[in-house]
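Inside the fold
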Amino acid sequence: MRFRGESEALTRVGNVPDQPLDHDVRGVLQIAPFRRLWISLSFSSLGDWLGLLAITAMAAELTTDSSADQNYAVAGVFILRLIPALLFAPIAGVVADRLDRRMTMVVTDVLRAGLFVSIPIVGSLWWLLVATFLIEALSLFWIPAKEATVPNLVPRERLEAANQISLVTAYGSAPVAAGIFTVLSLITAALGARFEFFVTHPASLALWLNAATFLFAAATIATLEIPRDNVERAKAENPWRNLVEGWKFVAQTPVVRGLLIGMLGAFAAGGTVVGLAPTFVRGLGAGNPGYGLLFGAVFVGLALGMLLGPRLLAGLSRRRLFAMSIVAAGLLLMVIAVIPELPVVVLFTVALGLASGVAWVTGYTLIGLEVADELRGRTFAFVQSMVRLTLVAVLAASPALAGAVGRVDFHPTDDVTVAYSGAAVVFLGAGAVAAAVGFFSYRHMDDRKGISLVRDVTSALRRETPLADPITSGFFLAFEGGDGAGKSTQVARLAEWLTARGHEVVVTREPGATAIGRRLRQMLLDTQDLGLSPRSEALLYAADRAQHVEEVIRPALERGAVVITDRYVDSSIAYQAAGRALSASDIERLSRFATRGLMPTLTIVLDVPPEVAAERRLLPPDRIESESMEFHHRVRQGFLDRAARRPRAYFVVDATKTPTEITAAVLQRVAQLMDESAGAQRPGSQQPEGSTP
Ligand SMILES: Nc1ncnc2c1ncn2[C@@H]1O[C@H](COP(=O)(O)OP(=O)(O)OP(=O)(O)O)[C@@H](O)[C@H]1O
Ligand SMILES: Cc1cn([C@H]2C[C@H](O)[C@@H](COP(=O)(O)O)O2)c(=O)[nH]c1=O
C-alpha cells in the first residue's frame, strides 16, 4: 500500500481544542469503559512494581555465593527488562494495531500471571532470568495496546485527564507496591517458622500475589468493548508492511518526529540525572540522605506536573506546552548543575520533575489526539523502544563521561574558586542539550506560528478564550473611519481592482453582514429611543461581529479569498470605548472573545473631520450619526490613536482628498502589501505581537 499522507494519518489536529480540555478526573472515571480499563491498569501496574521488587530480591537470594554475584544477578534482571524493548517493541506496535487490543491485554496479563507463579516453583536463577525476559516481552505487547485504547474510550476533551490519571496511577502504585512488599516479607518471615519452603523462597508470596493482580486485571477487561477505527485497513496489509508504514509515519510526520525528538531529549536528560545523582550529591557534600531527598523531589515534581500543569495551562496549544516544558526542564537542569547548594538543588529538582511531568502527560495526550487509531499502537511502541534505547545509552555513557571530565574549578574572582564535579558538568551539558532539543521540537511542531507564545501563555493563565488557529490562506483587509468618511466608496473600488486581478473578493461590513447581524443592525441604528445602554450597545456590536467572523470572514479566508470589511474591531474601540467612554480594555477583551483573535492584515483608516463628513451625508442621520460633534471627535481620535500604536498594520489616509486620490493611495499600499506577502503568503493575521483587538 502507498504510504498515506500526514493529513490522512493524523486525526483532526486540535491545537486549540474546539472544547476546552476537561481536567475533571472524577468525571473521566465516570465513563464506565475507561473506569474498567483504569482498574485493570491499576492492578497491572501494582503487579509490575511488586514483580520488580520480588524478582530482584529473589535474584539476590538465589545467588548466595558473594555480594558481587548478587549484584550481577540484580543487574542481569534490569538488563533483561530493557532488552525486549529493543527486540520486540516494533512488532508489539503492529500487534496492537492489527489484533484485538482487548484480547492482547487479556492474554498478556494471563501469561504474565503464569510466569510469576512459575518463578518460585522452579526456584532457579536461570529460570528467573528467562521468565523476567518473557514477562518484559509480554509487557511490551500490553503497553501499546493499552495506550492506544485510551483515546478510543474517552472523548477528545477528556483525553488529557485520562492520561493524567493513568500515569499517576502507573507511577503512584510504586510506593503502594513497596508497602505491600514489606508487609508480605514480614508475613513470609512468620510463615518460615512453620514451612521450610518460605525460608528458601522468601519472595514467593509477593510473586503469587503479583500473579493474582494480573489475573484480576485480565478479568476486569475481558468483556470490555473497545470501539476501533479503520482496523480492517491495518489488517488488510501484510504485517511487514504495517511495520514499515509505522516507521515511515513516525519519520515523515513532523509532529510525531518533533514529539519523539522532544521525548528522547527529555529522557536523555532524565537518564543523566538518574545515572549521576549519587555522584552529584556527593559533590555537594551530601551523602545518601541527600540522594534520597533528590530522588523524592523528582517524584513529587513529576506528580505535581502530571496533575497540575496541564490543568493550569488548559487553553494552551498542547504542542507548545509539550515543547515549552522540555525547554524548561533543560534550563532547570542547567541551573541545578551550577548551584552548589543542596536546598536550592532540591527546590529546582521539584521544578524539573514538574516540567518533565507536564511534558510526559502532554506527549501522551498529543499522540492520542493527533495520531489516527490504526497507527497509534505502532507510534506508542516506537516511542517506547526509542526511549528505552536512549535510557540504556545514557545510563551507560554518563558515568564514563563524568569520570572523563573530572573536577572543574571555576574562578569567578581571583580569590574565589568554585569546584564543580564531573557530574555537575555533565548535568550542565545534558540540560543544554534538552533545552536545545525542546526548542527544535517547538520549531518543528508549532501549530500557532505568528501568534506570540507569551501572549498565548498569558491568556491561558488568565483563562481567556484561546485565540483560534491561525488561518494560513486568504487576505484580510478592513476599512475604518467616521460616518461618511468614504469607506463604502473605497471598498467598492478596491474590490473591483482586486477582482480584475483574478482574486476572489468578499465585500462585507459591520454591523449587518449576516441574518442575525441585520436584525442587530436594526436595533443598533434605529433612531427610536429604546434606551440602549452603552454596555448593551457594545455587546450587540460584539455579537454581530462574532457571527460575522464565524459565518462570513473565516470561511472566506479559508477558501483563500480576499475579504474586505467595511468596519471591524476598531469601530468598537473608537465608538464604544473612545466615544461612549467605556473601558478600552473591556472592549478589547470583548472583541477578542468575539473574533477569537482574528485581526486584519491591514486596516485602512479614512480620516476626515466629522464636520466635513456630516456635510457629505445624503440620508437622515441614524442613532449613532445623531450623536454630538464632541462624540464624533472622540471617535476620530480613537481611530488615530489606535493606528499610531501599530503603524505597520495601519494605513491612514487623508479622506478630505478626492475619491480618486484616495483610491490611488489605497491601491498602491495594498499592491505593496500583496507583493510583500507573495513569498510569505500572509493571511488574515492572528493578532500579531503587541496588538490587541
Ligand atoms: N473623498 C470624498 N470626497 C467627497 N465626497 C465623498 C468622498 N468619498 C465619498 N464621498 C461621498 O460621501 C458620501 C458617503 O460616502 P460613503 O458612503 O462611501 O461613506 P461611508 O464612510 O461608507 O459612510 P457610512 O459610514 O455612513 O457608511 C457619499 O455620498 C459619497 O459619494
Ligand atoms: C462596527 C461598529 C459600528 N458602529 C457604528 C458606526 C456607525 O455609526 C454605525 C454603522 O453604520 P455604517 O453606515 O454601516 O457605517 O455603527 C459602532 O458604534 N461600533 C461598531 O463596533
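The coordinates are above.
In what follows, the accompanying structure is described. (Residues numbered from 1 in each chain as written. Chains lettered and ligands numbered in written order. Predicted model: local features only at pLDDT ≥ 70, side-chain atom pairs only at ≥ 80, totals over all residues.)

Okay, the overall build of the chain next. Tallying secondary structure elements over the chain gives 26 helices and seven strands in all. The proportion of buried residues among the 693 residues of the chain is 47%. Long-range pairs, those at least 24 residues apart, make up 84% of the contacts in the chain between residues at least 6 apart in sequence. (Helix = DSSP H or I, 4+ residues; strand = E, 2+ residues; numbered from the N terminus. Buried ≥ 20, exposed ≤ 12 C-beta atoms within 10 Å, placed from the backbone. Contact = placed C-beta atoms within 7 Å.)

The next thing to look at is helix α12 (residues 254–283). With 30 residues, α12 should reach 44 Å at 1.5 Å per residue; the first-to-last C-alpha distance of 41 Å fits that figure. Where α12 bends most, the angle comes to about 60 degrees, and this point is Leu276, followed within four residues by the proline Pro278. Gly285 lies just past α12 and shows a positive phi near 85 degrees. (Expected span 1.5 Å × (residues − 1). Bend = angle between axes of the 7 residues up to and from the residue.)

Strand order across the open sheet formed by five strands is β4-β5-β3-β6-β7, with parallel pairing between neighbours. Each edge of the open sheet is held by one strand with a lone partner, namely β4 (505–509) and β7 (650–654). Adjacent strand axes in the sheet meet at a mean angle of 20 degrees, parallel and antiparallel pairs treated alike. The sheet contacts of helix α19 (residues 487–500) involve β3 (475–481), β4, β5 (562–566) and β6 (602–607), and relative to β5 the element is tilted by about 170 degrees. The sheet contacts of helix α25 (residues 629–645) involve β3, β6 and β7, and relative to β6 the element is tilted by about 140 degrees. (Pairing = 2+ DSSP bridges. Axes fitted to C-alpha atoms, helices over the stretch in contact; angles between N-to-C directions.)

The subject of this paragraph is the site of ligand 1. If you check the shell around ligand 1, you find 14 residues, and the closest are Gly486, Lys487, Ser488, Thr489 and Arg616. At the level of secondary structure, the elements contributing two or more residues to the shell around ligand 1 comprise α19 and α26 (659–680). Residue contributions to the shell around ligand 1 peak at three residues, all from α19. Tallied by class, the residues present in the shell around ligand 1 amount to five nonpolar, six polar and three charged. (Near = placed C-beta within 6 Å. Nonpolar A, V, L, I, M, F, W, Y, C, P; charged D, E, K, R; others polar.)

Counting residues in hydrophobic clusters, the biggest one holds 129 residues, and the most contacted among them are Ala329, Leu333, Phe427 and Ala434. Shared between two domains, this core takes at least three residues from each, and those domains are domain 1 (17–228) and domain 2 (249–466). Contact partners of Leu333, with chain neighbours within four places excluded, come to Ala269, Leu352, Phe427, Ala430, Gly431 and Ala434. Counting residues in each nonpolar core, the second largest holds 50 residues, with Phe476, Leu494, Ala574 and Phe651 among its members. (Core = buried A, V, L, I, M, F, W, Y, C linked by C-beta atoms within 7 Å. Domains from an automatic or database assignment.)

What surrounds ligand 2 is the set Asp483, Arg509, Glu510, Pro511, Tyr541, Arg567, Ser571, Ser572, Tyr575, Gln576, Ile624 and Glu625. Element by element, the count of residues in the shell around ligand 2 is highest for helix α22 (residues 569–579), at four residues.

We now examine the pairing of strand β2 (residues 416–420). The pairing of strand β1 (residues 408–413) with β2 spans four bridges and is classified as antiparallel. If you follow Phe410 over to β2, its bridge partner there is Val418. Hairpin remark: β1 followed by β2, antiparallel, with two residues in the connecting loop.

Next up on the list: helix α23 (residues 584–595). Between its first and last C-alpha, α23 extends 16 Å over 12 residues, near the 16 Å set by a 1.5 Å rise per residue. Looking at α23, one finds that the buried residues are Ile587, Leu590, Ser591, Arg592, Ala594 and Thr595. Along its buried surface, α23 packs onto α21 (534–559) and α22. Immediately beyond the C-terminal end of α23, within one or two residues, lies Arg596, with a positive phi of roughly 50 degrees.

We now examine the packing of helix α7 (residues 159–192) against helix α13 (residues 288–312). Interhelical geometry of α7 versus α13 gives an angle of 170 degrees and a closest axis separation of 10 Å. Compared by their axis directions, α7 and α13 come out roughly antiparallel. Across the interface between the two elements, Glu160, Gln164, Leu167, Val168 and Tyr171 from α7 touch Leu302, Ala303, Met306, Leu307 and Pro310 from α13. In terms of residue class, the contact of α7 with α13 is made up of eight nonpolar, one polar and one charged. (Parallel < 35°, antiparallel > 145°, perpendicular 65-115°, else oblique.)

Let's shift gears to the pairing of β6. Taken across its six residues, β6 has five buried, putting it largely inside the fold. The pairing of β3 with β6 spans five bridges and is classified as parallel. Directly across from Ala478, in β6, lies its bridge partner Thr603. Of the pairings in the sheet, the one linking β6 to β7 comprises five bridges and is parallel in character.

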